[in-house]
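# Breakdown of the fold
Listed here are the chains, written in short residue letters.
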Amino acid sequence: MKENKKMKTIKEIRVDVNKCNGCLSCEMSCSAAHAMPPYTSVNPARSRISVVMDETKDVYIPIRAGDYAEAECAGRNQYTIDGKEYDTCLLCPASCPSRSRFTEPDSGLPLKCDMCESLDIGEPMCVQVCHPGALSYHEYQVEAEDSVTLERGEKEIGLEYLVKRYGLEEVVKTVATMAKKSA
Amino acid sequence: MRYAETGFNLEIDLTRGNIERVATDPELTKLYLGGQGTADKILWDRVGPEVEPFSEENLLIFSSGLLNGTFVPGANRTIVNTFSPQTNLHAHSMMGGYFGVEMKHAGYDKIILSGKAPKLVYIYIHNDNVEIRDASHLAGMGTTEVQDHLKKELGDDKVQIAAIGLAGENRVYTASIEHSHCSASRGVGPVMGDKRVKAIAVRGTKDLQMAEPEKLFHICKDLRKDLADNPGAGDWMAVDEDDGFHHDNFSWGNARVRQKNYWSDELQQRWTDIKYDHMDRQTGCYNCPKKCHNVISWPGRKRFSYKCFGKDTYNMASFQELDFSYEILGVAQEYGLDSYSTPQVIAFALELLEEGILTLDDFPGMPEDIRGRFFHILDMIVNREGIGDKLANGVYWAARQIGNGAEKFDHNTTKKFEQVPIKLGKVNPMFFLMIATGEKMNITQIEGSFPQDPLPTLEERQAFVDAWEAVPDEKFKKYFMEWERRNEMPSGAVCDIVDWNEAMHYIDDAIGLCAFVSSFRGQFGGKTQYNIHNIPDLIRMASGLDLSKEDLWNVFRRNRNLVRAINVRRGMRRADERPPEDHWAVRDEEFEQSLLSAYYEFKGWTQDGIPTPATLDELALSDVREDFEKRGIYSAAQ
Ligand code: SF4
Ligand code: SF4
Ligand code: SF4
């Protein structure tokens, strides 16, 4: 029975926010790799990964560009947990009409992470240049039928997925607890 | 097409509110590269020797290094230059982080501020849109507080901000400019305050072009990995918790007391626990895999960060432990104060109190305990309250303004600037020259390529020089092989070594490389990431400028001589080039002066420390020579 099931490869980039040093090498290199032709210019504003950084609250969260949202969403919540404030809008991977994150600076067109599949470089560029180890790349096989929800939620078990599933407050709480434990 | 640089400076006249985007001359890039190099050309051309630091005519220049924003890892320094109210000389300052890179993406290599705003303002730069905005609502705000506030006000968490705190607003001479986890000190903070600019916020979303980008990208990808793995780059103090080096060898209090056996295993363990119990993370700067900034949360304080020796200065000035540094750094950072010189000013004040030159009446409300007293005096300085108004001018000026014998207690300044508190036995010829002739005011910005100490055995030396890629010339290997005692080195070798040390800093300050990956780090371990051999290739691929190693060395000489010329024109002479008298217990005036003479000659300077006409002509600085002649600078010096 099992053998008959179709297998598919899941590609995911895992994020360990505690390891991020804020170097933005990921943003810089993603923008260069996706320049036309590749590597001919640099502009982090064109990156498909964007590090949400707030030095005053020790927030360092790399987010990759997800789908384009045609309208602004209704949810604009602000959470304060352990003295750190989080805005759902800041952590959202969608390019949407209300902000410039994940939009091409000149055309305003949405940017989307393509897992560097267009580039034939092995592991995604952002992962390759992330020496502090905040980003890591994982590939594994799953049965096709079981992966329907994963497919929709992108190929990572990342922030967007977790936030959708557990709510931002829960995710942030967990991150804060993890940060405390590892300190 | 300009590569690596944008080819434009942003000129802001704060008096008139005039804003201009000015194209720059590519010939100047060839001559001075960028960063401090091209900034000094502007200071030379536009700010005469009669200009007071606190005046509309003084300029405050933020420069992005030539390689900033390119693929070259560790190139991210923003160099800030002006004339310092403390020294009345050229101010060299810089900060890491993101600011200079953001400037490039906004389309500017430099931000040049002139004039004075009629009231407190902040400057918002978003690509081509530049506005001078009212900042009355930001007055008195702490440095991280104002950055946070402006990000929200501007609705953009990617905006990069350089700001002053209350110390800068009140023109405290030791005030700094703060940005992210970085800080620019040594004279620039009070000038920003004098210009009434609370903050500059920059957001840039333009492409940056390079001459050979594909090649450079891949070379830099490997370099970045090497850099991440290279223990010879970055701040080792971020990971090595043994800080006996500073605590056993540097002086405590008002640069007075050495505690040779202070450090112990027990202490190290206790301090390590304090650090890791309160550290949120370690961060780096743009495009650098290192983690040099220790980010600390301390109860009741704003989150702060420090790097390197910055954690030792307050606890050593006050004879306290690490927890005191942590207790006060968060406050001092919000005020925007240099952590190297400020604690010395406070320790100086406390010494005057002990000696009866100042009395408790000078410090109304003074607490009993030393910690309380540090905080109290810090507040008085920042608010320029009572005696704090004099102390706010740094040790040199405060001593003279207080008088009554206070001058004697100003024993650790050179060129009116507080030096790193090191008091040793016998004169070290290399450090003598560096402290005497350096124009960056802090030894950490001058020393760095040649090791501080010899190795004991020939085998160890051989192994060291065999792996030593950074040396510009084989002769340095010979010097090292033959070096037996720290303080004994032939004068010719000393001149070469000091020159090399300076060279790398001047190159870094032009191209924006961090000293921790280049100029500062060779003295500890020898294996820097960048050196005179690999930098020219990177400059070529980034900017298109084809410089040989020799050409690059000549840019250093040109930039070095230009700083010297700027200061000579403001009156600096041989007599000013003296390390603190008690820097070494045993001095040898005759030897020191003959060494200084030899160095001047080596540098192509007169015996009064003035670049000779031949030196200036050789370096394409004939306009400087002509200016010197017109002013009679050579004839007066005879
Ligand atoms: S490269 Fe890695 S460490 Fe650097 S900012 Fe990006 S995620 Fe953080
Ligand atoms: S996977 Fe590739 S496209 Fe996606 S963010 Fe990383 S570098 Fe950019
Ligand atoms: S070595 Fe440290 S201080 Fe220098 S650029 Fe890298 S992270 Fe910043």
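None of the values given here were measured: they were computed from a predicted structure.

### Considering the environment of Gln523 of chain B
Residues and elements named next belong to chain B. Within the element layout of this structure, Gln523 appears in the loop between helix H19 (491-511) and helix H20 (535-543). Judged by relative accessible area, which is 4%, Gln523 ranks as buried. When the C-alpha positions of Gln523 and Leu10 are compared, they lie 37 Å apart, and in sequence the two are 513 residues distant. What Gln523 contacts, discounting residues up to four positions off in sequence, is Glu447, Gly448, Ser449, Phe450, Pro451 and Gln452. In terms of polar contacts, Gln523 uses its side chain to reach the backbone carbonyl oxygen of Phe520, at 3.2 Å.

### Focus on the interface of chain B and chain A
Quoted interface sizes are often the accessible area lost when the parts come together. Taken together, the contact pairs 43 residues of chain B with 43 residues of chain A. When the shortest N-O distance is used, the salt bridge between Arg281 of chain B and Asp58 of chain A registers 2.7 Å. Where chain B touches chain A, the interface holds 22 residue pairs in polar contact (both at pLDDT 80 or more). Within the residue set of the side of chain B that touches chain A, elements represented by two or more residues are helix H4 (143-153), strand S13 (208-209), helix H7 (213-229) and strand S16 (279-283) of chain B. Of the residues forming the side of chain B that touches chain A, the biggest block, eight residues, is contributed by H7 of chain B. Class assignment for the residues of the side of chain B that touches chain A results in 13 nonpolar, 13 polar and 17 charged.

### Looking at the packing of helix H12 (residues 342-355) of chain B against helix H13 (residues 370-382) of chain B
Residues and elements named next belong to chain B. One can describe the packing of H12 onto H13 by two numbers: an axis separation of 10 Å at closest approach and a directional angle of 110°. Relative to H13, the element H12 lies roughly perpendicular. In this structure, H12 meets H13 at a crossing whose hand is right-handed. For the pair H12 and H13, contact is made by Thr342, Pro343, Val345, Ile346, Ala347, Ala349, Leu350 and Leu353 and by Ile370, Arg373, Phe374, Ile377, Leu378 and Ile381, respectively. When grouped by side-chain class, the residues that make up the contact of H12 with H13 number twelve nonpolar, one polar and one charged.

### Some remarks on the sheet that holds S16 of chain B
In sheet architecture, strand pairing relies on hydrogen bonds along the backbone and comes in two forms, parallel and antiparallel. Residue and element names in this part refer to chain B. With antiparallel pairing, the three strands of this open sheet are ordered in space as S16-S17-S18. What marks the edges here is a single partner per strand, and that holds for S16 and strand S18 (304-306). The mean angle between the axes of side-by-side strands here comes to 25°, regardless of whether they run parallel or antiparallel. Where S16 meets strand S17 (residues 293-296), four bridges bridge the pair, whose relative direction is antiparallel. Its bridge partner being in S17, Thr283 is matched across the sheet by His293. Each of S16, S17 and S18 is contacted by helix H9 (residues 265-278), which is oriented at about 85° to S16, the strand it contacts most. Sheet contacts for helix H11 (residues 322-335): S17 and S18; angle to S18, the most-contacted strand, approximately 105°.

### Here's the deal with the site of ligand 3
Residue and element names in this part refer to chain B. Within the structure, ligand 3 sits among Asn76, Arg77, Gly234, Gly284, Cys285, Cys288, Lys290, Cys292, Cys514, Phe516 and Val517. A breakdown of the residues in the shell around ligand 3 according to their chemical character gives six nonpolar, three polar and two charged. Looking at which domains feed residues into the shell around ligand 3, each of domain 2 (242-402) and domain 3 (425-610) gives three or more.

### Concerning the site of ligand 1
Around ligand 1, the surrounding shell consists of Cys20, Asn21, Gly22, Cys23, Leu24, Cys26, Val51, Pro62, Cys130, Pro132, Ala134 and Leu135 of chain A. Residue classes in the shell around ligand 1 are distributed as ten nonpolar, two polar and no charged.

### Overview of the sheet that holds strand S4 (residues 78-83) of chain B
Residue and element names in this part refer to chain B. With mixed pairing, six strands are arranged side by side in an open sheet as S2-S1-S6-S3-S4-S5. Only two strands of the sheet have a single partner each, and these edge strands are strand S2 (18-23) and strand S5 (90-95). Geometrically, the sheet is characterised by an average inter-axis angle of 15° between neighbouring strands, direction not taken into account. Pairing analysis gives four bridges linking strand S3 (residues 60-64) to strand S6 (residues 110-114), with the strands arranged antiparallel. Across the sheet, residue Ser63 finds its bridge partner in S6, namely Lys110. The strands that helix H3 (residues 99-106) touches are S3, S4, S5 and S6; relative to S3, the one it contacts most, it runs at about 85°.

### Some points on the domain arrangement of chain B
Assigned domains of chain B: these are domain 1 (8-203), domain 2 (242-402), domain 3 (425-610) and domain 4 (611-638). Measuring from the centre of the C-alpha atoms in domain 2 of chain B to the corresponding centre in domain 4 of chain B gives 43 Å.

### Quick notes on helix H2 (residues 36-46) of chain B
Across the eleven residues that make up H2 of chain B, a large majority, nine, are buried. The set of residues buried in H2 of chain B consists of Gln36, Gly37, Thr38, Ala39, Asp40, Lys41, Ile42, Leu43 and Trp44 of chain B.

### Re unusual backbone geometry
All names here are of chain A. Of note, the amide linkage connecting Met36 to Pro37 takes the cis form, showing an omega dihedral of -15°. One can find Pro37 in the loop between helix H1 (25-33) and strand S2 (41-42). If you check the backbone angles, Tyr39 has positive phi at about 70° while not being a glycine. With respect to the helices and strands, the residue Tyr39 is situated in the loop between H1 and S2. Of the residues examined, Tyr39 reaches a relative accessible area of 9% and is grouped as buried. The phi angle at Phe102 is positive, at roughly 65°, despite the residue not being glycine.

### Description of H4 of chain B
Buried residues of H4 of chain B: Thr143, Thr144, Val146, Gln147, Asp148, Leu150 and Lys151 of chain B, and no others. Those residues of H4 of chain B that are buried are in contact with strand S3 (49-54) of chain A together with strand S7 (121-126), strand S9 (160-163), strand S10 (177-179), strand S12 (197-203) and H11 of chain B.

### A word on the pattern of salt bridges
Residue and element names in this part refer to chain B. Enumeration over the complete set of coordinates arrives at 68 salt bridges over all chains. Across the pair Arg171 and Asp194 runs a salt bridge, and its minimum N-O distance is 2.6 Å. With Arg171 in the loop between helix H5 (166-169) and S10 and Asp194 in helix H6 (residues 188-194), the pair connects residues that are 23 residues apart, well separated along the chain. A relative accessible area of 5% places Asp194 in the buried class. Between Lys225 and Asp229 there is a salt bridge, with the nearest N and O atoms lying 2.8 Å from each other. Of this pair, Lys225 and Asp229 are both found in helix H7, four residues apart, which corresponds to roughly one turn of the helix. Using a relative accessible area of 51% as the deciding quantity, one classes Asp229 as exposed. Where salt bridges share partners, they join Lys415, Glu439, Asp499, Glu502, Arg560, Arg564, Glu577 and Lys603 into one cluster.

Parameters at a glance
- Numbering of residues starts from 1 in every chain and runs along the sequence as written.
- Key to labels: chains lettered from A, ligands numbered from 1, both in the order written.
- Totals for whole chains, interfaces and linings use every residue, but because this is a predicted model, local features are given only for residues with pLDDT of at least 70 and side-chain atom pairs only at 80 or more, for both listing and counting.
- Hydrogens and waters are ignored; side-chain quantities use all the structure's heavy atoms.
- Secondary structure elements follow DSSP: runs of H or I of four or more residues count as helices, runs of E of two or more count as strands, with numbering from the N terminus.
- Residue exposure (1.4 Å probe, protein chains only): buried if accessible area is under 20% of the type maximum, exposed if over 50%, otherwise partly exposed.
- Throughout, a residue-residue contact means that at least one pair of heavy atoms, one from each residue, lies within 4.5 Å.
- Polar contact is defined as a pair of N or O atoms within 3.5 Å, subject to the rule that within protein one atom must be able to donate a hydrogen and the other to accept it, and that residues adjacent in sequence are counted only when both atoms are side-chain atoms.
- Here, a salt bridge means any Lys or Arg side-chain nitrogen found within 4 Å of an Asp or Glu carboxyl oxygen.
- Each residue is assigned to one of three groups, with Ala, Val, Leu, Ile, Met, Phe, Trp, Tyr, Cys and Pro labelled nonpolar, Asp, Glu, Lys and Arg labelled charged, and all others, Gly among them, labelled polar.
- Comment: axis = line fitted to C-alpha atoms, over the contacting stretch for helices; angle = value between 0 and 180 degrees taken between N-to-C directions.
- Between 65 and 115 degrees an angle is taken as roughly perpendicular, under 35 as roughly parallel, over 145 as roughly antiparallel, and anywhere else as oblique.
- Crossing handedness is read from the near helix: turned anticlockwise from the far helix by less than a right angle, it gives a left-handed crossing, and turned clockwise, a right-handed one.
- Two strands qualify as a pair provided DSSP detects at least 2 bridges between them.
- Whether a residue is near a molecule or strand is decided by its heavy atoms; if any one of them lies within 4 Å of it, the residue is near.
- Boundaries of every domain are those given by an automatic assignment or by a domain database.

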